[in-house]
Amino acid sequence: MNQRREPRLPIDRPVDVTLFGTPDIHLRAIIRNASGRGLGLVVPQPLPTGTALRIALDDAILLGEVIYCRPEADAWHAGIELEHALCGLADLAAALDAFREETPHDTRQTAAKSLRQ
């Protein structure tokens, strides 16, 4: 019997993953499945439980933590608990670019100086 709180949706999507540490580790992974609370990732190496990570998608960044990691065929399957999702980043970048183009350079410097004082 499945005891999951939320249904898992099957996905097969490559993503870039950054494991936060000293130094950060960058690797490619595949999202195998997703729910509202987490992801199942297929990764080329074992990930330590408790590791914080960033998953970069086309227009979003997901932040989470490795909950488990187990061997699977010739790779590893990691369960990720999602903490934060930043979506609509392309729209945000476009809005910031538009703001920069509309605001004269001198006005931005004056505003920055007044904020520091």
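Keep in mind it's a predicted model, so treat the numbers as computed, not measured.

Student: An account of unusual backbone geometry is needed here, citing residue identities and associated values.
Tutor: Omega for the peptide link from T22 to P23 comes to 0°, which places this bond in the cis form. Position of P23 relative to the elements: it lies in the loop between β1 (9-19) and β2 (25-34).

Student: Can you break down the sheet that holds strand β4 (residues 52-56) residue by residue, with the values?
Tutor: Around the barrel, six strands lie side by side as β1-β2-β3-β6-β5-β4; this closed barrel has antiparallel pairing. Geometrically, the sheet is characterised by an average inter-axis angle of 45° between neighbouring strands, direction not taken into account. As judged from the four bridges shared by β1 and β4, these two strands associate in the antiparallel manner. Within β4, the residue paired with T18 across the bridge is R54.

Student: Kindly report on the nonpolar core, identifying the contributing residues and their values.
Tutor: By size, the foremost hydrophobic cluster in this structure holds 17 residues, and its most contacted members are V17, L41, L47, L53 and I55. Of all the elements in the fold, those that place two or more residues in this core are β1, β2, β3 (38-43), β4, β5 (60-72) and β6 (75-87). By residue number, the principal contributor to this core is β2, which donates four residues. Beyond its immediate sequence surroundings of up to four residues, L41 is in contact with V15, V17, A29, I30, I31, I55, W76, H77, A78 and I80.

Student: An account of the side chain of T51 is needed here, citing residue identities and associated values.
Tutor: Assignment of secondary structure puts T51 in the loop between β3 and β4. Judged by relative accessible area, which is 12%, T51 ranks as buried. At 2.7 Å, the side chain of T51 and the backbone oxygen of P48 are in polar contact. T51 has contacts with L19, F20, G64, E65 and V66, leaving out every residue within four places of it along the chain.

Student: Can you tell me about the pattern of salt bridges, naming the residues and giving the values?
Tutor: Pairs may arise between side chains of opposite charge once their charged atoms sit close together. Evaluated as defined, the whole model comprises three salt bridges. Linking R28 and D16 is a salt bridge whose minimum nitrogen-to-oxygen distance equals 2.7 Å. Of this pair, R28 sits in strand β2 while D16 sits in strand β1, and the two are 12 residues apart along the sequence. Its relative accessible area of 47% is what places R28 among the partly exposed residues. Classification of D16 as partly exposed rests on a relative accessible area of 40%. Residue R32 pairs with E72 through a salt bridge whose shortest N-O separation is 2.6 Å. Placement of R32 in strand β2 and of E72 in strand β5 is noted, with a sequence separation of 40 residues between them. Relative accessible area serves as the criterion here: at 35%, R32 is assigned to the partly exposed category.

Student: Requested: an account of the pairing of β6, with residues and values cited.
Tutor: Here β3 pairs with β6 via six bridges, running antiparallel. The residue of β6 that forms the bridge with G40 is G79. Sheet analysis places β5 next to β6, joined by 12 bridges and oriented antiparallel. Paired with A60 across the strands is C87, a residue of β6. Taking the residues between adjacent antiparallel strands as the criterion, β5 and β6 are bridged by two residues, where A73 takes a positive phi near 55°.

Calculation rules
Residues numbered from 1 in each chain as written. Predicted model: local features only at pLDDT ≥ 70, side-chain atom pairs only at ≥ 80, totals over all residues. Heavy atoms only, no water. Helix = DSSP H or I, 4+ residues; strand = E, 2+ residues; numbered from the N terminus. Pairing = 2+ DSSP bridges. Axes fitted to C-alpha atoms, helices over the stretch in contact; angles between N-to-C directions. Core = buried A, V, L, I, M, F, W, Y, C linked by side-chain atoms within 4.5 Å. Buried < 20%, exposed > 50% of the residue type's maximum accessible area, 1.4 Å probe, protein only. Contact = heavy atoms within 4.5 Å. Polar contact = N/O pair within 3.5 Å; in protein donor to acceptor, adjacent residues only side chain to side chain. Salt bridge = Lys/Arg side-chain N within 4 Å of Asp/Glu carboxyl O.

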